[in-house]
Amino acid sequence: MFRILVSDSISEEGLAPLLNAEHIEVVQKKVAEVEESLDQFDALLVRSATKVTEELLAKMKNLKIVGRAGVGVDNIDVDAATKYGVVVINAPNGNTISTAEHTFAMIAALVRHIPQAHVSVKSREWNRSAFVGSELYGKHLGIIGFGRIGSEVAKRARAFGMKVHVYDPFLTKARAEKIGVEPCTLDELLSVSDIITVHTPLTKETKGLLGPKNLAKTKKGVYLVNCARGGIIDEQALAEFLKSGHVAGAALDVFEQEPPGDHPLLAFDNVIVTPHLGASTIEAQLNVATQVAEEVLKFLEGKPVTSSINLPTLSKEVYEKIQSFYNLAKKMGTVASQYMVEPVQEIAITYSGTVADLETTFITRSLLAGFLKPRVASTVNEVNAAMIAKERGIIFGEKFSTNSEGYANSISLTVYGEKQTFTIKGTHIPNYGDRIVHFNGFAIDFAPEGHLLYIQHQDKPGMIGQVGKILGDHQVNIATMQVGRQAAGGKAIMMLSLDKPLDDSIVEKLSEVADIEVVKKIEV
Ligand SMILES: NC(=O)C1=CN([C@@H]2O[C@H](COP(=O)(O)OP(=O)(O)OC[C@H]3O[C@@H](n4cnc5c(N)ncnc54)[C@H](O)[C@@H]3O)[C@@H](O)[C@H]2O)C=CC1
Ligand SMILES: O=C(O)CCC(=O)C(=O)O
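Just so you know, the residues in each chain are numbered from 1, in the order the chain's sequence is written. The lettering of chains begins at A and the numbering of ligands begins at 1, in the order of writing. Reporting of local features is limited, given that this is a predicted model, to residues whose pLDDT is at least 70; pairs of side-chain atoms are given and counted only at 80 or more, and all residues count toward the totals for whole chains, interfaces and linings. Only hydrogens and water are removed before side-chain values are computed, so all heavy atoms of the structure are retained for them.

As recorded in an unreviewed UniProt entry, the protein goes by D-3-phosphoglycerate dehydrogenase and comes from Paranoxybacillus vitaminiphilus. UniProt positions are given in the numbering used here, feature names are shortened, and annotations may be inferred rather than shown by experiment. The protein has a UniProt comment under Sequence similarities (unreviewed entry) that states "Belongs to the D-isomer specific 2-hydroxyacid dehydrogenase family." The record in UniProt for the protein states the following under Function (unreviewed entry): "Catalyzes the reversible oxidation of 3-phospho-D-glycerate to 3-phosphonooxypyruvate, the first step of the phosphorylated L-serine biosynthesis pathway. Also catalyzes the reversible oxidation of 2-hydroxyglutarate to 2-oxoglutarate."

Have a look at this one:
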């Protein structure tokens, strides 16, 4: 049974996939109103009101996923979520059309003074000359940020006969051509546009993007629109440019602080505002709620999610192809970690054969998670494994090889520690399973599963008998046993799989046997 906390107002109809799932319990309450302990929840669903801070994440000890029913995740501390191994997903396109339409409604309202005229008529005035506007036809619209919403705004602007200029440093030429726009520099856009609308996320680079310096480069009489995030247009600078008359008016759906309270910008007659309504349509709310509910359900059922902020995204097809290697890699990491009980500096992974052609990032993360899990007290999984490895000074890297030495696929892992280097190689055989085919320089063949016992010894008659006797005397049943050696009479190994975990006292007894050099129990 999974428990999901829905802490903002999210369309009930959209939540249906979760509400109808048998193994899921949905609690619809604000975080602050939850009386029980917060660590009982596996998933948290929010819009923008709930602030998913590090403090909250620390309290939600069993949290696995945060779903944002919308695009912007600036109310979620994604770095902290990554640190705690919590997946963050959003609903990236469910509210695109609504927000583009709202932006366009704001542009039209702004240049035709609709809100001011509305208030005036409601006040029993009839002042037609006070509200003379401008046509959109033939005007230059500057769009900063040409992603989902920016490009939908462009389509609508063209339908109105506007000339569209776009600035987006990450926009490829191919995409620009496909949509039929000509990218320009920010300076070009600022100098030519009659109306400028921003559609970027709020980042270090975009915070204050339209500040004093860039606003000074705009045309006198420019109109500004922000239906993205408060702070992209510097609010203080905007107030100054409005006061001077350089900016003719602004339409704001978002503010640096929401609600804005008694904000100086609200005092300007030529500033029109809405309370973050871009995505507030029945359709958008249904779309984003459904998207996020379906994704959370998939995730809790162990299936891949497609809109994760802090995990590489995988399609179902790709996931199905990598799943076997993903499991194999995790087991290899677990085995290697327990073998190398010492500080580790580097982990090198080589993918050979068919696996080398797949999306290996996820497989590597799985291997790292398997490796780090026995060493790290906090949650470690595919989300935070790479970050934890880096934090602990472990360098890791992938290599690819066409030489899989007779196997259709293989993953080779070398761990460089302070005292020794350990190499293990595994392969996945369809309908047979995962096999370790090289272990610490020995050719062998065993399944990396269950309670394993590794013994390295001199290749002499009677070694197997001595091991069998000690285990038998302690009522430990051997399920399987594989042996390998480098040369007759030289170093040899045994890998046993046992029916139950081994006591440390038995490990000690085995270590005392003459010619046994290494004994390690490994739990997979
Ligand atoms: N008012 C509302 O209710 C809503 C607001 N939003 C906000 O709208 C914004 C855009 O959303 P989407 O179009 O879905 O996002 P998107 O990710 O599809 O597009 C963002 C675009 O901004 C560009 N960009 C990033 N840094 C830039 C920079 N320094 N200069 C210029 N361009 C830059 C990116 O390359 C990308 O193309 C986000 O901030 C989102 O949070 C989204 C939905 C509803
Ligand atoms: O949940 C909302 O209405 C806000 C939507 C939004 O700003 C977003 O999706 O980025």
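Our focus in this paragraph is the overall build of the protein. A tally of helices and strands in the protein yields 16 helices and 21 strands. When the backbone C-alpha atoms are referred to their principal axes, the protein occupies close to 110 × 50 × 40 Å. Burial status follows relative accessibility: with a 1.4 Å probe on protein chains alone, a residue under 20% of its type maximum counts as buried, one over 50% as exposed, and anything between as partly exposed. Relative to its full complement of 524 residues, the protein shows a buried share of 51%. Restricting the contact set of the protein to residue pairs at least 6 apart, pairs at least 24 apart contribute 64%. Summing over all exposed atoms, the protein offers an accessible surface of approximately 24,700 Å²; the carbon and sulfur share of this is 53%. Only runs of H or I of at least four residues qualify as helices and only runs of E of at least two qualify as strands under DSSP, and these elements are numbered from the N terminus. In this description, contact between two residues means that some pair of their heavy atoms is separated by no more than 4.5 Å. Residue burial considers only the protein chains on display, and all accessible areas are found by Shrake-Rupley using a 1.4 Å probe.

Put simply, side chains in a regular strand alternate between the two faces of the sheet. Within strand β1 (residues 2-6), four of the five residues are buried, which leaves the element mostly enclosed by the surrounding structure. The rule for pairing is simple: two strands pair if DSSP sees at least two bridges between them. Here β1 runs beside strand β2 (residues 24-28); their pairing, made up of five bridges, is parallel. What sits directly across from F2, in β2, is I24. Note that β1 and strand β3 (residues 43-46) share three bridges and pair parallel. By the bridge assignment for β3, L5 is matched with L44.

Before going further, it helps to examine the site of ligand 1. Around ligand 1, a shell composed of 25 residues is seen, among which R148, I149, D168, T200 and D253 lie nearest. The term polar contact refers here to a pair of N or O atoms within 3.5 Å; inside protein, the definition further demands a hydrogen-donor-capable atom paired with an acceptor-capable atom, and it admits residues adjacent in sequence only when both atoms are side-chain atoms. G147 places a main-chain nitrogen or oxygen 3.3 Å from an oxygen atom of ligand 1. Here G278 contributes a backbone N or O atom positioned 3.4 Å from an oxygen atom of ligand 1. Here ligand 1 has 860 Å² of accessible area as a free molecule, and 88% of this is covered by the chains. Considering only residue class, the shell around ligand 1 consists of 11 nonpolar, 10 polar and four charged. A cutoff of 4 Å decides nearness: a residue is near a molecule or strand if any of its heavy atoms lies inside that distance of it. For this scheme, ten residues count as nonpolar: Ala, Val, Leu, Ile, Met, Phe, Trp, Tyr, Cys and Pro. Four count as charged, namely Asp, Glu, Lys and Arg, and the remainder, Gly too, count as polar.

Turning our eyes to something else, we now look at the site of ligand 2. Residues in contact with ligand 2, as listed here, are R47, R68, G70, V71, G72, N95, R229, H276 and A279. One nitrogen or oxygen atom from the side chain of R68 is found 3.3 Å from an oxygen atom belonging to ligand 2. The side chain of H276 places a nitrogen or oxygen atom 2.7 Å from an oxygen atom of ligand 2. For ligand 2, the protein covers 93% of the area, taking 300 Å² as the surface of the free molecule. Considering only residue class, the shell around ligand 2 consists of two nonpolar, four polar and three charged.

As a further point, take the sheet that holds strand β16 (residues 433-439). Pairing within the open sheet is mixed, and its six strands lie in the order β13-β12-β14-β15-β16-β17. Single-partner strands in this sheet number two, and they are β13 (395-401) and β17 (442-446). Strand-to-strand twist of the sheet, defined as the mean angle between neighbouring strand axes without regard to direction, takes the value 20°. With nine bridges joining them, strand β12 (residues 344-353) and strand β14 (residues 409-417) adopt antiparallel strand pairing. Paired with G353 across the strands is N409, a residue of β14. Simply put, an axis is a line fit to the C-alpha atoms, just over the touching stretch for a helix, and the angle between two N-to-C directions goes from 0 to 180 degrees.

Glancing now at unusual backbone geometry. At the junction of E258 and P259, the peptide bond is cis and its omega measures out at -5° in the coordinates. Of note, P259 is situated in the loop between β10 (247-252) and β11 (271-273). Not every positive phi belongs to a glycine, and H113 is a case in point at roughly 55°. Checked against the element boundaries, H113 lands in the loop between α4 (96-112) and α5 (114-122). Residue classification places H113 among the buried residues on the basis of a relative accessible area of 17%.

Moving on: the domain arrangement of the protein. Segmenting the protein into domains produces domain 1 (2-93 + 283-300), domain 2 (96-273), domain 3 (314-448) and domain 4 (450-524). Bear in mind that the domain bounds are from an automatic or database domain assignment. Each of domain 3 and domain 4 has a C-alpha centre, and the two are 24 Å apart. Taken together, the 15 residues of domain 3 in the interface contact 17 residues of domain 4. Here the buried area means the combined drop in accessible surface, using a 1.4 Å probe, for two parts upon being joined, counting both sides. Summed over both partners, the interface of domain 3 with domain 4 comes to about 1,300 Å²; 71% of that surface belongs to carbon and sulfur atoms. Among the residues of domain 3 in contact with domain 4, Q338, Y339 and F442 are the three that bury the most area, contributing 42% of the side total. A carboxyl oxygen of Asp or Glu within 4 Å of a side-chain nitrogen of Lys or Arg is what we treat as a salt bridge. Run the count over domain 3 and domain 4 and you get zero salt bridges. For the pair domain 3 and domain 4, the number of links is two residue pairs in polar contact (both at pLDDT 80 or more). Looking at the side of domain 3 that touches domain 4 residue by residue, the class counts come to nine nonpolar, four polar and two charged.

Attention shifts here to the confidence of the model for the protein. Summarising the model, the protein shows a mean pLDDT of 94, and 100% of its residues fall at 70 or more. Across the interface, the model reports ipTM at 0.99; the global pTM reads 0.76. For every residue, the predictor assigns a confidence score, pLDDT, that lies between 0 and 100.

On to the UniProt feature "domain: ACT" (unreviewed entry) in the protein, then. Taking the numbering used here, the UniProt-annotated feature "domain: ACT" (unreviewed entry) corresponds to residues 452-524. As annotated, residues 452-524 comprises 26% helix and 42% strand, and the C-alpha atoms at either end are separated by 8 Å.

Scanning all chains against the criterion turns up 20 salt bridges. We note a salt bridge from D42 to K64, for which the minimum N-O separation is 2.6 Å. Remark: K64 occurs in the loop between α2 (54-59) and β4 (65-68) and D42 occurs in the loop between β2 and β3; sequence separation between them is 22 residues. We classify D42 as buried; its relative accessible area is 9%. Residue K64 is classed as partly exposed on the basis of its relative accessible area of 31%. Notably, a salt bridge pairs K521 with D504, separated by 3.0 Å at the nearest N-O pair. Of this pair, K521 sits in strand β21 (residues 516-523) while D504 is found in helix α16 (residues 504-511), placing the two residues 17 residues apart along the sequence.

Right, let's talk about the packing of aromatic side chains for a bit. Working definition: rings of Phe, Tyr and Trp (its six-membered ring) pair if their centres are within 6.5 Å, and the pair is stacked with planes under 30 degrees apart, edge-to-face with planes over 60 apart, and tilted otherwise. Tallied over the full model, the rule gives nine aromatic pairs. Centroid distance Y351 to F400: 5.9 Å. Interplanar angle 25°. Geometry classified as stacked. Of the two residues, Y351 sits in strand β12 while F400 sits in strand β13, which places them 49 residues apart along the sequence. With a relative accessible area of 0%, Y351 lands in the buried category. Judged by relative accessible area, F400 falls into the partly exposed class, the value being 47%.

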